[in-house]
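Here's the letter readout for the chains.
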Amino acid sequence: MINVTILAVGKLKESFWRDACSEYAKRLSAFCRFTIVELPEYRLPDSPSPAQIQTGLEKEGQDILSRIPAGALAVALCIEGKELDSPELSRRIQKAAVEGKSEIVFIIGGSFGLWEQVKARTELRLSMSPMTFPHQLARVMLCEQIYRAFSIAANTKYHK
C-alpha cells in the first residue's frame, strides 16, 4: 500500500477544517496510508521585509526538505504550478505507484509560499486554480482531490 503524506506549514485552527480533513483521511485508509504532518510556521513581524520573508521561507523549507523521504514523489502546491484535472492527477498517482514509488508527498507552504529549493526538489508543481483560496481550505481541497484520484483509479461511483 502506497504512503501519501501532506506536509503543511501551519495548523488548521477551526474544527470544521480539521473535521473535513479527518473525514477524507478516514476514506483514504481504504486506498493508502495517509498522513498529514503540520510543520511550524516561521514567526515574522507584522510588516516583514523581503529579507525576513526569505529567511522564513528558508527555515520552513529546510524543515520540509528534511521530511521528504528519499525516492518519494514530491509535489509542491504553488501558484505557478500546473493545473491538472482530477483524472490526470489520478493517472499521475497511479503512474508513480506503477513505477515503484512507495511514497508520495504533497507540500503546502506557509502564507508566503515555498522556498525555491523545495520547489526544485519536487517532480511536479501543482496549482489548484488561478483563484486564491484560504490556506486552510486549500488543504481540505487537496485531501478531497487525493481521495477523488484514488476513487477514480478504483472506478468507484464517487467521481462522476
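A few points on the structure. In this text the structure is predicted, and so the values were computed from the model without any measurement.

### Some details on the layout of surface pockets
And step 1. Roughly 520 Å³ of volume is contained in the largest pocket.
And step 2. Lining the largest pocket are 22 residues; nearest its centre among them are Leu77, Cys78, Ile79, Phe133 and His135.
And step 3. Counting residues per element, the ones that place at least two in the lining of the largest pocket are β3 (73-83), β5 (124-127) and α5 (135-153).
And step 4. A per-element tally of the lining of the largest pocket places β3 first, with four residues.
And step 5. Among the residues making up the lining of the largest pocket, the classes are represented as twelve nonpolar, eight polar and two charged.

### Describing the packing of aromatic side chains
And step 1. Scanning the entire structure with this criterion turns up five aromatic pairs.
And step 2. With 6.1 Å between their ring centres and 55° between their planes, Phe31 and Tyr147 make a pair best called tilted. Within this pair, whereas Phe31 is found in the loop between α1 (15-28) and β2 (33-39), its partner Tyr147 is found in helix α5, the two being separated by 116 residues in sequence.
And step 3. Every member of this aromatic cluster is reached through a ring pair, and the members are Tyr24, Phe31, Tyr147, Phe150 and Tyr158.

### Side note on the pattern of salt bridges
And step 1. This model, assessed by the stated rule, comprises 14 salt bridges.
And step 2. Arg91 is paired through a salt bridge with Glu88; the nearest N and O atoms lie 3.0 Å apart. One end of the pair is Arg91 and the other is Glu88, both in helix α3 (residues 86-98) and three residues apart, which spans about a single turn.
And step 3. Here Glu88 falls in the partly exposed class, since its relative accessible area comes to 22%.
And step 4. Residues Lys119 and Glu116 are paired through a salt bridge, measuring 3.7 Å at the closest nitrogen-oxygen approach. Of the two residues, Lys119 and Glu116 both sit in helix α4 (residues 116-121), three residues apart, roughly one turn of that helix.
And step 5. Since its relative accessible area comes to 10%, Lys119 is described here as buried.

### Here we look at the pairing of β3
And step 1. Of the strand pairs in this sheet, β3 and strand β4 (residues 103-108) are connected by five bridges, and their pairing is parallel. In the strand pairing of β4, Leu73 is matched with Ile104.
And step 2. In this region the chain leaves β3, passes through α3 and returns to the parallel neighbour β4; the handedness of that crossover is right-handed.

### Here we look at the sheet that holds strand β1 (residues 3-9)
And step 1. Here five strands make up an open sheet; going across it, the order is β2-β1-β4-β3-β5 and the pairing parallel. Among the strands making up the open sheet, the edge pair consists of β2 and β5. This sheet shows a mean twist of 30° between the axes of neighbouring strands, independent of strand direction.

### Quick notes on α3
And step 1. When the terminal C-alpha atoms of α3 are compared, their 18 Å separation across 13 residues agrees well with the 18 Å that a helix rising 1.5 Å per residue should span.
And step 2. Listing the buried residues of α3 in full gives Ser86, Leu89, Ser90, Ile93 and Ala96. Angularly, the buried residues of α3 cover 125° about the axis, an arc narrow enough to put them on a single face.
And step 3. Where α3 is buried, its residues touch β3, β4 and α5.
And step 4. Capping the start of α3 is the job of one residue whose side-chain oxygen sits 2.9 Å from the backbone nitrogen of Glu88: Asp85.

Rules behind the numbers
Residues numbered from 1 in each chain as written. Predicted model: local features only at pLDDT ≥ 70, side-chain atom pairs only at ≥ 80, totals over all residues. Heavy atoms only, no water. 1 Å grid on protein atoms, 1.4 Å probe; cavity = no way out; pocket = protein on both sides within 12 Å on 5 of 7 lines; lining within 4 Å. Points joined across faces, edges and corners; volume = space filled by probe spheres on them. Helix = DSSP H or I, 4+ residues; strand = E, 2+ residues; numbered from the N terminus. Nonpolar A, V, L, I, M, F, W, Y, C, P; charged D, E, K, R; others polar. Phe/Tyr/Trp six-rings, centres within 6.5 Å; stacked < 30°, edge-to-face > 60°. Salt bridge = Lys/Arg side-chain N within 4 Å of Asp/Glu carboxyl O. Buried < 20%, exposed > 50% of the residue type's maximum accessible area, 1.4 Å probe, protein only. Pairing = 2+ DSSP bridges. Right-handed = clockwise from strand over helix to strand, strands pointing away. Axes fitted to C-alpha atoms, helices over the stretch in contact; angles between N-to-C directions. Expected span 1.5 Å × (residues − 1). Arc of directions from axis to C-beta. Contact = heavy atoms within 4.5 Å. Polar contact = N/O pair within 3.5 Å; in protein donor to acceptor, adjacent residues only side chain to side chain.

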